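Structural overview for review
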Amino acid sequence: MASPSPARTLLVLTGVLLLFFNTLELEAVITSTSSYANLSGSSQLPIASPEQEKGLCHSLKRLGHYSRQRSHLFKMGASLTLCEGTASLIQKQPSHTPLYASIQTAPSDIEALTALYNATNGKGWTHSTNWLQGDPCGNKWHGITCSPEGRVIYILLYTNNLNGRIPPEIAKASQLVQLDISVNHLIGEIPVEIYSMKYLEQLILESNYLTGHLPTKLSMPNLTILEVFFNQLTGPLPVVWDTPKLVNLDLGHNQFSGPLPEAIGNLSNLQELYIDYTEGINGTVPESYGNLLHLTDISLAADNLTNFAIPQSWAKFSDLKYLQISNLIGELPAWIGESWPKMEILLMFDSNFSGGMPDSIGKLSSLLSLDIYSAGLSGTVPASFSGLVKTTELNLSGNRLSMIPASLLKTLFMHIPRYFCQLGSNPWSCSIDKLLLDYCEASCSECNTGERHSNQMLCLEHKGCGWCYDGPNCLEGNATGPTSFKCSDWKFG
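Residues numbered from 1 in each chain as written. Predicted model: local features only at pLDDT ≥ 70, side-chain atom pairs only at ≥ 80, totals over all residues. Heavy atoms only, no water.

**What to know about the nonpolar core**
For the record, the criterion: Only buried residues count toward a nonpolar core. Its members are Ala, Val, Leu, Ile, Met, Phe, Trp, Tyr and Cys residues joined through side-chain atoms within 4.5 Å. Whether a residue is buried, partly exposed or exposed follows from its accessible area with a 1.4 Å probe, protein chains only, as a fraction of its type maximum: under 20%, in between, or over 50%, in that order. Going along the chain from the N terminus, every DSSP run of H or I of four or more residues is numbered as a helix, and every run of E of two or more is numbered as a strand. In what follows, residue pairs with any heavy atoms lying within 4.5 Å of each other are defined as contacts.
Within the largest apolar cluster, 105 residues are counted, with the highest numbers of intra-cluster contacts made by Leu-300, Trp-314, Trp-340, Met-348, Phe-413 and Leu-423. Elements supplying a minimum of two residues to this core: helix H6 (107–119), strand S1 (144–146), strand S2 (152–156), strand S16 (297–300), strand S18 (322–326), strand S20 (345–349), strand S22 (369–373) and helix H8 (434–439). No other element matches H6, which puts four residues into this core. Every residue in contact with Trp-314, bar those within four places of it in the chain, is listed here: Val-285, Tyr-289, Gly-290, Ile-298, Leu-300, Phe-308, Leu-323, Ile-325, Trp-335 and Trp-340. Core analysis: the second largest hydrophobic core is formed by six residues, Cys-447, Cys-465, Trp-467 and Cys-474 among them.

**Thoughts on the packing of aromatic side chains**
Where we set the bar: Working definition: rings of Phe, Tyr and Trp (its six-membered ring) pair if their centres are within 6.5 Å, and the pair is stacked with planes under 30 degrees apart, edge-to-face with planes over 60 apart, and tilted otherwise.
Taken as a whole and assessed by the stated rule, the structure comprises ten aromatic pairs. A centroid spacing of 5.2 Å and a plane angle of 65° characterise the contact between Tyr-117 and Trp-125, whose relative ring orientation is edge-to-face. Take Tyr-117 and Trp-125: they sit in the same class, and that class is buried. Aromatic ring contacts, followed pair by pair, group Tyr-117, Trp-125, Trp-131 and Trp-141 into a single cluster.

**With respect to the confidence of the model for the protein chain**
Applicable threshold: Known as pLDDT, the predictor's per-residue confidence is scaled from 0 to 100.
Overall, the predicted model of the protein chain reaches an average pLDDT of 81, with 79% of residues at or above 70. Ignoring residues within four places in sequence, the model shows residues 1–54, a span with pLDDT below 50, making 67 contacts including any to other chains.

**Here we look at the pattern of salt bridges**
Put simply, the test is: When a carboxyl oxygen of Asp or Glu lies within 4 Å of a side-chain nitrogen of Lys or Arg, that pair is called a salt bridge.
Inspection of every chain in the model, using the stated rule, returns five salt bridges. Where Lys-172 meets Glu-111, a salt bridge forms, and the shortest distance between an N and an O atom there is 2.6 Å. Taken together, the residues span a long stretch of sequence, with Lys-172 in the loop between strand S3 (163–165) and strand S4 (178–180) and Glu-111 in helix H6 at a distance of 61 residues. Close ionic contact of Asp-319 with Lys-342 constitutes a salt bridge, the shortest N to O distance being 2.8 Å. On the criterion of sequence distance, the pair formed by Asp-319 in the loop between strand S17 (304–305) and S18 and Lys-342 in the loop between helix H7 (336–339) and S20 is long-range, its members being 23 residues apart.

**Things to note about the sheet that holds strand S32 (residues 490–492)**
For clarity, the threshold we go by: For two strands to be treated as a pair, DSSP must find no fewer than two bridges joining them.
Taken in spatial order, the four strands of this open sheet run S31-S30-S29-S32, and their pairing is antiparallel. The open sheet is flanked by strand S31 (481–482) and S32, the only strands paired with a single partner. Pairing analysis gives two bridges linking strand S30 (residues 473–478) to S31, with the strands arranged antiparallel. In the strand pairing of S31, Asn-478 is matched with Gly-481.

Pasting the structure below:
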């Protein structure tokens, strides 16, 4: 297997830092990314291949969704959360038009570009080289790529200080393939005319201040990427999705309301699905989503999604690498380890699982981060976790876990850095290893120690202890309930 590229090396280091350091420390780290040049032996950042850039930017995007404080990331100058915002980390290939000096741009395309410039304060753009000077294709206007026939096919003006509204005239560039005006200061609604652009493959509008609704019926036959996350969009999601080529769908961090659309489950080419941190989304996850067999990324973390147990149909997601989901019920499926062999980031929280963790989790040999916190898990951490040879972050806090096999101290916990291990707010049995107490912010309970852990009678005989049938666990508490844990079925004294 090939060694990691310098870009990938930087990504891993930056990703770790983003997850666990505060914003001020991050800014200092990001400012120092010039040291990345030393990795390549060059005084300038290297031009990444398309494959390297795609991998780097996609992972940074995951990182943005992974952070519950994502808004901080967009305030920092490196624009680390976006593929389109990594210019400060890697030098992108020039997106200018090839030298078609004799080609004249179609008049309708010139009208579209002129309207965009005027509507978004083009004079204040960060980069506006040659705009409104000569022919857009022939004079290589910044961010514009044309076809040999003189039609504008790419508008790439991400992170360029566009201020204002997207003009409806943009649709007059009728052969446009990619529109990327992300990470700017755009306001107002997305013009409905955009949804009629039949050649459009990539619509990337994330990280602006856009408002309004998406259409009830989205019919864009060539669309492969729709990314509108981190805006202020409202209303229900489209009911009809006539987008058969859609691969990446990112609607997160908006103000949408209503249920998740059943029709998304018919998008057979979908690989990335992000509908997260949108409080108005309610109901449960449709069964049809089990048909999305090519998914690599799923993020459905929403406060008002309820009563969803991971279904057997999800065992077919053999390419899944990233899962973030909340408000789960039922048991963690025993098939996780066998069915998701490529899993890298597994994040489940604010849930009410019954039972403990299946042994098969230890078979996730590619897992980098395991975060299952405030999820209601009970029992013992499986000894099979020794198989998590790549895991460098573990968060099992806020559960009802009581025991950790001593063998894991010499395996799993040997390669988890300090502060990347969080085991607090569990009723661990005493005496828990001092390493875990200090290193992983854990504590133990005399009520949950020795035979009292598994014997209700001995538990209730011990002063200050009660029996929680949810676990079951012997916990410190009083007549009203446990001191530090939730319990729906409690007996004290």
